Amino acid sequence: MFDSQAETETFGGSPEPAFSDVDLRARVMIPGTNKIDLPNFLAATAKIMFDQLDQAGLAPTEQCVDLLMETCSCCSGTAASHLVEDAVAAAASEKLLLPMRCSASFVAECVEWKRQFMMDNVLKDTCCAYDDVVTLGDAQGRCANPKHKRTALGKDKGGMRCMPCSVPGPSSKTTGMSAGTSCKSFSKANSQFVANRTSMQRQDGDATSVKTFAATLKIAKRLPQLKWMIWENVESMGKATDPTSNLSQCLARFRAEGFHVDYHVLKSSDFWLPQHRVRIYFMIIPNNIFEQGILDDDTFFENWHRAIDEMKFPALDLDSFIMDESDPPVQAELARRVAEFQNKCAAETANADALQDDAGSEQSQPKWIKCHMDISESLGLHWPVPVPVELATNQWFKLCTRREQEVIVFAHFNGASFVDSSQNASRPRAMFNDGSPTIMPNQAVWSFEAGRFLIGRDCLALQGFPWSRLPLISSYSEKELQDLAGNMFSTTCYMAALIAMLSAWKKREETSDLEGTDVLKNLRTFSDE
């Protein structure tokens, strides 16, 4: 395992890139503005990453041209991995003159509207969309793509009847897989986190993370032409040195089922994106790939780690990604909130008056009032806290509940850049001083720089997802778009892991000699641990 940033808390603290910052930033920006060219962001960053590897002498060779021929994804929600794969294939064809083709064979997603989002905006008509990764793992999945009603002669009546798509199996030509299976049981945000720290060892059948992991592994084993798999999950899976941890158990399971595996901890802020998101990316290769001499098992993972680090680039400014107040989607969301507020105004006003009248009665007070009183005292303020003028006149702020307003005010007095007002004000992870917090579903992230809440489209952009080029994006609410953003890969991190794999995909006689390099000195393999 290689984790060059695990002990580093500095935001965007990656080494200076070999290329000029100014030149590379210009390649992803709209000319004459401070905004990224979001529709073309993935294409631009893919080309830049290939340039970074080329300068380091790590450019991919023709041996990798068939790796993206047919790919699948499990529990992706947005199919973002397939957009990344398309951009990488196009960049390889242009920059390296490698004739790389790319297509998606199937996805598996249990949430119906998320499947619809993928079919509406990302996937081609030929791609199967299975309705549940767990049932698909048991070879019982159903393709929910309405355009896949295949017909055949009926034996009994001699007519035509609908035939379901067959589940992926021995005849599948899928070469690669991406998976972002449930992190619920592994996440520190889960109230049962402590109890769940050994859920993999216990094979907890009620843990969604355990069930979706096991199902994805079953699917991978049924794909005879599978050459690689990239799996992403939260960094709170535990330590590889602890044999009972969820991380150790997952690694052991991969190896027991016939795979080589290694992992790298990636921070979104090391790959262009101004977001505090840290995730583990696992590189998984079937044993037969090494046994057949297709890859050199002595150097593949070393080269993969090295290539990832060569593609690091400091985070861009937040303002480059989020929309301006005057942009139509922002105005539309503000108007929606105004209407919602007006519908609830009478009830909320009555509730606020009751709380004020009963402020001295501990039995009638919500728990947050006592918490806020304590915080006010620690800040040297009287409760109710005074509201700064810039907030008191802000229309977005006026629409907040009283509790949310006070959370935002506390963050203001603490000098925070962001605050998640859905969190308890006393929770350390509620406030951030630089870069946005980790984008998650059901957040209410207030940006002091923007003077408003981030909306779903902002959150997608902070994941590097090109929402503005999608044809039916307006069919989905900002709440749904934030849910998608909170559950997806950071696109540039997945891109780095993927391109690094292409770079490392070489037979023994063509691999680079890394002996004596700093990478090997810092590399900590599982055997060392």
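The present account deals with the structure reproduced in this document. (Residues numbered from 1 in each chain as written. Predicted model: local features only at pLDDT ≥ 70, side-chain atom pairs only at ≥ 80, totals over all residues. Heavy atoms only, no water.)

1. Section: the packing of aromatic side chains
Scanning all chains against the criterion turns up 20 aromatic pairs. Seen from their ring centres, phenylalanine 213 and phenylalanine 254 are 5.2 Å apart, and the 80° between their planes marks the pair as edge-to-face. Separated by 41 residues along the polypeptide, phenylalanine 213 in helix 7 (residues 208-221) and phenylalanine 254 in helix 8 (residues 246-256) bring together distant segments of the chain. The burial state of phenylalanine 213 is the same as that of phenylalanine 254; both residues are buried. Centroid distance tryptophan 231 to phenylalanine 254: 5.8 Å. Interplanar angle 65°. Geometry classified as edge-to-face. One end of the pair, tryptophan 231, is in strand 7 (residues 228-234); the other, phenylalanine 254, is in helix 8, with 23 residues separating them in the sequence. The class for tryptophan 231 is buried, based on a relative accessible area of 1%. For phenylalanine 254, a relative accessible area of 1% puts it in the buried group. Taken together, the ring pairs in this structure connect Phe213, Trp231, Phe254, Phe259, Tyr263 and Phe282 into an aromatic cluster. (Phe/Tyr/Trp six-rings, centres within 6.5 Å; stacked < 30°, edge-to-face > 60°. Helix = DSSP H or I, 4+ residues; strand = E, 2+ residues; numbered from the N terminus. Buried < 20%, exposed > 50% of the residue type's maximum accessible area, 1.4 Å probe, protein only.)

2. A few points about helix 12 (residues 367-378)
With twelve residues, helix 12 should cover 16 Å at 1.5 Å per step; its first-to-last C-alpha distance of 17 Å lies within 8% of that length. Residues of helix 12 that are buried include every one of Trp368, Ile369, Cys371, His372, Ile375 and Ser376, and no others. Burial along helix 12 is one-sided: seen end-on, the buried residues are contained in an arc of 160°. Turned more than 90 degrees off the buried face of helix 12, the exposed positions are Lys367, Glu377 and Ser378. (Expected span 1.5 Å × (residues − 1). Arc of directions from axis to C-beta.)

3. Quick look at the pairing of strand 9 (residues 278-286)
With respect to burial, strand 9 is a largely interior element, eight of its nine residues being buried. In this sheet, strand 9 lies alongside strand 8 (residues 259-267) in antiparallel orientation, the contact comprising nine bridges. Bridge pairing links tyrosine 263 to phenylalanine 282 in strand 9. (Pairing = 2+ DSSP bridges.)

4. Structural notes on the nonpolar core
Among the nonpolar cores identified, the biggest contains 116 residues, and Trp228, Trp272, Ile285, Phe300, Met501 and Trp505 are the most heavily contacted of them. Top contributing element to this core by residue count: helix 18 (residues 491-504), with eleven residues. Residues in contact with tryptophan 505, not counting those within four places in the same chain, are Thr61, Gln63, Cys64, Leu67, Lys227, Trp228, Ile285, Ile289, Ile294, Leu295 and Phe300. Among the nonpolar cores identified, the runner-up in size contains 39 residues, and Leu136, Met229, Leu247 and Phe282 belong to it. (Core = buried A, V, L, I, M, F, W, Y, C linked by side-chain atoms within 4.5 Å. Contact = heavy atoms within 4.5 Å.)

5. A few points about the sheet that holds strand 7
The strand order across the open sheet built from seven strands is 3-2-1-6-7-9-8, with neighbouring strands paired in mixed fashion. What marks the edges here is a single partner per strand, and that holds for strand 3 (128-130) and strand 8. Averaged over all pairs of adjacent strands, the angle between their axes in this sheet comes to 15°, without regard to strand direction. Across the sheet, helix 8 touches strand 7, strand 8 and strand 9, and the angle it forms with strand 8 is around 145°. (Axes fitted to C-alpha atoms, helices over the stretch in contact; angles between N-to-C directions.)

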